[in-house]
Amino acid sequence: MTEQPIIRFENVTKQYDDDPPILDNVSFEMEKGKFYTLLGPSGCGKTTILRLISGLIEATSGKIYFKDKLINHVPANKRQVNTVFQDYALFPHLNVYENVAFGLRIRKMKNDEIDKKVREALRFVNLVGFENREIKEMSGGQRQRVAIARAIVNEPEVLLLDEPLSALDLKLRTEMQYELRELQQRLGITFVFVTHDQEEALAMSDEIFVINEGKIQQKGTPRDIYDEPINRFVANFIGESNIIKGKMIRDFLVEFDGKQFECVDQGFSPNEPVEVVIRPEDLEITTPDRGKLNVKVDTVLFRGVHYELCSYDENGNEWIIHSTKKAEIGAEIGLYFEPEAIHVMRFGETEEEFDARLESYDSYGDKDAD
Amino acid sequence: MKKKSLSTIYLTIVFLILYAPIFYLMYYSFNSGGKMYEFESFSLEWYKDLFQNTRLLIIVLNTIIIALLSSAISTILGTIGAVGIWHLKKRQTKNVLLSLNNILIVSPDVIIGASFLIMFTIVGIKLGFSSVLLSHIAFSVPIVVIMVLPKLQEMSSTLIDAAKDLGASNFNVLTKVILPYITPGIFAGFFMALTYSLDDFAVTFFVTGNGFSTLSVEIYSMARQGVSLTINALSTILFLFTILLVIGYYFISKRNGRIIGLGARK
């Protein structure tokens, strides 16, 4: 898997005038044929990364490579990447067929060749028979497919998708998630997908870059990021979390809520203050005498697949629990969790330090961390 | 129910008042009596007179040539101008240019006509066809700009991003995306310029010279010389022609999906 990266950012910064930088000294690599997701809240700089790759804006400083070729000053129309825009940006004066053919016509391809490619692209996105429709006659989901067909017909090596699902309703969105993932695997090209929806990111990606305030907070597979968030922001942004202040007594032993618990984390200094993450679904409800922690139930919400319980321990810490079991409001319950459910986060740890620490676990044969 | 019939009556009265003089004029163009009262019998003699009057026919031709030429040229210039203003990054420069443009539209024709007359005299351009054409182009350009600009502004900027992303050069973006998108605005601008030029009197009156005249100026001088029902006949034909223009405009804008209001003459 040590192929040359298809896209490489080296210390890239993007800044307008004297405003704080939108993208602050970002470096990363993307491999060929993978599904990447740039995940972050709005205004975090994820779309800026996309526009830097497509060439619609230029970096203030830093280097951007495409297959080891510096492309900082290559204009957008000369790059082998294509974009699916958030509002689809379909040309309203052209019909479906001509929208898809746009890029090919620009390249002055022969008509019969264009015809072959356009029909193939439309077949790829299940839009056969819609060739002569006007754009305004298409539904949101169909426009989305036209936009994808228009991008992939040019056979880009990288397809950029700028929150393409945000305008669709929930059901269609879930459907498109499957379709996009499948499409990426069939085409075998690199997808860079921008979203603020963590579920989308977890469901589709090979790798997720979590971005906040112009910096990449964490890179990793969906599992890595969900199970081992690097800091409070990532833990909160990806899924729901119980985050509590604690103290690392020594390796494999953490103290929080006035009690000591066995855990699987290591590489901390003795008695180092830390933050502890336990996912709501890792907490099991039992009787108070069997629980590792005892809490009092405050509210119960029925969420369909599970109940969401909000409860407080005696120190006033809030605990969110996802459980299929129901509990009475006001009842004392015990919480049980495995040592693996505890994830310890160090304050202010950089990604490199975090990765290095996780890797050191492997030598002990504990948890895998890629 | 009562409210509805009241508003219908009101509307009917307003339109009657607006159109009555025109229909009155048209009605007497068929009067064999030669007067604007006492309708004697139906005749087409004034129309015959009109079509035998070669001088008048040449003037009609002049008017049409001036209108078509000036609106075509001002459509090109105005479209370039609108794209230029739209392309400007600095908001302030944009507003200044737009205001300069709008001032030309709202300023009185008399002032524009007089200033053109002064300018042509100083520069030494002979008054006649070219001076009328130049001044018609001049007052039509701002109109075209104002008709084209909204189309540009409603265009999403991602359309241009998308075109570039698909490999389009700046020239391609202009010809394959921007121009097709604003075509309805360009057509509307052309038609507006055409109507403005056809019925312009004040500006033309100033800059027209010996031996060259347009219809509105000619009708004015004919009306001053005394009443001839040839004017009525001519006016009737002009009115029908205008209706044709409006219908043409309607179908073009209908094809483009929406009707852009024909602005009223100032």
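Below you will find a few notes about this structure. (Residues numbered from 1 in each chain as written. Chains lettered and ligands numbered in written order. Predicted model: local features only at pLDDT ≥ 70, side-chain atom pairs only at ≥ 80, totals over all residues. Heavy atoms only, no water.)

Digging into the sheet that holds strand β8 (residues 190-195) of chain A
Residues and elements named next belong to chain A.
Line of reasoning, step 1. With mixed pairing, the 6 strands of this open sheet are ordered in space as β6-β7-β8-β3-β9-β10. In this open sheet, the two edge strands, each paired with only one partner strand, are β6 (81-84) and β10 (215-220). Neighbour-to-neighbour, the strand axes of the sheet open up by a mean angle of 20 degrees, direction not taken into account.
Line of reasoning, step 2. Pairing of strand β3 (residues 35-39) with β8, which is carried by 5 bridges, proceeds in the parallel orientation. Bridging across to β8, Tyr36 finds its partner in Val192.
Line of reasoning, step 3. In the packing of helix α1 (residues 46-54) onto the sheet, the strands contacted are β3, β6, β7 (158-162), β8 and β9 (207-212), and the crossing angle to β7 comes to about 145 degrees. (Pairing = 2+ DSSP bridges. Helix = DSSP H or I, 4+ residues; strand = E, 2+ residues; numbered from the N terminus. Axes fitted to C-alpha atoms, helices over the stretch in contact; angles between N-to-C directions. Contact = heavy atoms within 4.5 Å.)

Here we look at the nonpolar core
Line of reasoning, step 1. Counting residues in each nonpolar core, the largest one holds 53 residues, and the members touching the most others are Phe91 and Phe102 of chain A together with Trp86, Leu152, Met155, Ile178 and Ile182 of chain B.
Line of reasoning, step 2. Listed by contribution, the elements that provide at least two residues to this core are α2 (96-106) of chain A together with α3 (54-87), α5 (109-123), α6 (129-154), α7 (157-165), α8 (170-198), α9 (202-207) and α11 (229-255) of chain B.
Line of reasoning, step 3. The residues contacting Met155 of chain B, other than those within four sequence positions of it, are Trp86, Ile160, Ile178 and Tyr181 of chain B.
Line of reasoning, step 4. Grouped together as the second largest cluster of nonpolar side chains are 36 residues, Val96, Ala101, Leu161 and Ile189 of chain A included. (Core = buried A, V, L, I, M, F, W, Y, C linked by side-chain atoms within 4.5 Å. Buried < 20%, exposed > 50% of the residue type's maximum accessible area, 1.4 Å probe, protein only.)

Structural notes on α2 of chain A
The α-helix advances 3.6 residues per turn, and as a result positions three or four apart in sequence lie on the same side.
Line of reasoning, step 1. A large share of α2 of chain A lies buried, amounting to 9 of its 11 residues.
Line of reasoning, step 2. Considered for burial, the residues of α2 of chain A that qualify are Val96, Tyr97, Asn99, Val100, Ala101, Phe102, Gly103, Leu104 and Ile106 of chain A.
Line of reasoning, step 3. Those residues of α2 of chain A hidden inside the fold are in contact with α3 (111-124) and α4 (140-152) of chain A together with α7 and α8 of chain B.
Line of reasoning, step 4. Where α2 of chain A begins, one side-chain oxygen reaches toward the backbone nitrogen of Tyr97 of chain A, 3.3 Å away; that side chain belongs to Asn95 of chain A.
Line of reasoning, step 5. In the stretch just after α2 of chain A, Lys108 of chain A is the one whose phi turns positive, near 55 degrees. (Polar contact = N/O pair within 3.5 Å; in protein donor to acceptor, adjacent residues only side chain to side chain.)

Re the side chain of Glu349 of chain A
All names here are of chain A.
Line of reasoning, step 1. Note that Glu349 resides in the loop between β20 (343-346) and α9 (351-364).
Line of reasoning, step 2. A distance of 3.0 Å separates the side chain of Glu349 from the side chain of Arg357, its partner in a polar contact.
Line of reasoning, step 3. Excluding anything up to four places from it in sequence, Glu349 contacts Ile230, Phe354 and Arg357.

Points about unusual backbone geometry
Residue and element names in this part refer to chain A.
Line of reasoning, step 1. In this structure, Lys67 is a non-glycine residue whose phi angle is positive, near 50 degrees.
Line of reasoning, step 2. Phi angles above zero are rare outside glycine, and Asp68 is one such case at about 70 degrees.
Line of reasoning, step 3. Examined against the element boundaries, Asp68 turns out to sit in the loop between β4 (61-66) and β5 (69-70).
Line of reasoning, step 4. The partly exposed category is assigned to Asp68, whose relative accessible area is 46%.

Some points on the side chain of Asn154 of chain A
Line of reasoning, step 1. Among the secondary structure elements, Asn154 of chain A is positioned in the loop between α4 and β7.
Line of reasoning, step 2. Only 3.2 Å separates the side chain of Asn154 of chain A from the side chain of Arg107 of chain A, close enough to count as a polar contact.
Line of reasoning, step 3. Residues within four places of Asn154 of chain A in sequence aside, it is in contact with Asn82, Gly103, Leu104 and Arg107 of chain A together with Leu166 of chain B.

Here's the deal with the environment of Ile321 of chain A
Residue and element names in this part refer to chain A.
Line of reasoning, step 1. Relative to the assigned elements, Ile321 resides in strand β18 (residues 318-323).
Line of reasoning, step 2. C-alpha of Ile321 to C-alpha of Ile57: the two residues are 264 residues apart in sequence and 45 Å apart in space.
Line of reasoning, step 3. Setting aside its immediate chain neighbours within four residues, Ile321 contacts Pro280, Leu283, Ile285, Tyr307, Glu308, Leu309, Ser311, Ile333 and Leu335.

Focus on the interface of chain B and chain A
Line of reasoning, step 1. Taken residue by residue, the interface counts 17 residues in chain B and 20 residues in chain A.
Line of reasoning, step 2. Taking both sides of the interface into account, the surface hidden between chain B and chain A amounts to around 1,600 Å²; carbon and sulfur atoms contribute 64%.
Line of reasoning, step 3. When the buried area of chain B at its contact with chain A is split by residue, Asp161, Asp165 and Leu166 of chain B rank highest and sum to 40% of it.
Line of reasoning, step 4. There are 1 salt bridge connecting chain B and chain A.
Line of reasoning, step 5. Note that Arg51 of chain A and Asp161 of chain B form a salt bridge whose closest N and O atoms lie 3.2 Å from each other.
Line of reasoning, step 6. For the pair chain B and chain A, the number of links is 8 residue pairs in polar contact (both at pLDDT 80 or more). (Buried area = accessible area lost by both parts, 1.4 Å probe. Salt bridge = Lys/Arg side-chain N within 4 Å of Asp/Glu carboxyl O.)

Observations regarding the packing of α2 of chain A against α4 of chain A
Residues and elements named next belong to chain A.
Line of reasoning, step 1. In the contact formed by α2 and α4, the axes pass within 7 Å of each other and the chain directions differ by 30 degrees. Between α2 and α4, the angle is such that the two are roughly parallel. In this structure, α2 crosses over α4, and the sense of that crossing is right-handed. When α2 is examined against α4, the residues Val96, Asn99 and Val100 are found in contact with a partner set consisting of Val146, Ala149 and Arg150.
Line of reasoning, step 2. Classifying every residue of the contact of α2 with α4 by side-chain character gives 4 nonpolar, 1 polar and 1 charged. (Parallel < 35°, antiparallel > 145°, perpendicular 65-115°, else oblique. Left-handed = near helix turned anticlockwise from the far one by under 90°. Nonpolar A, V, L, I, M, F, W, Y, C, P; charged D, E, K, R; others polar.)

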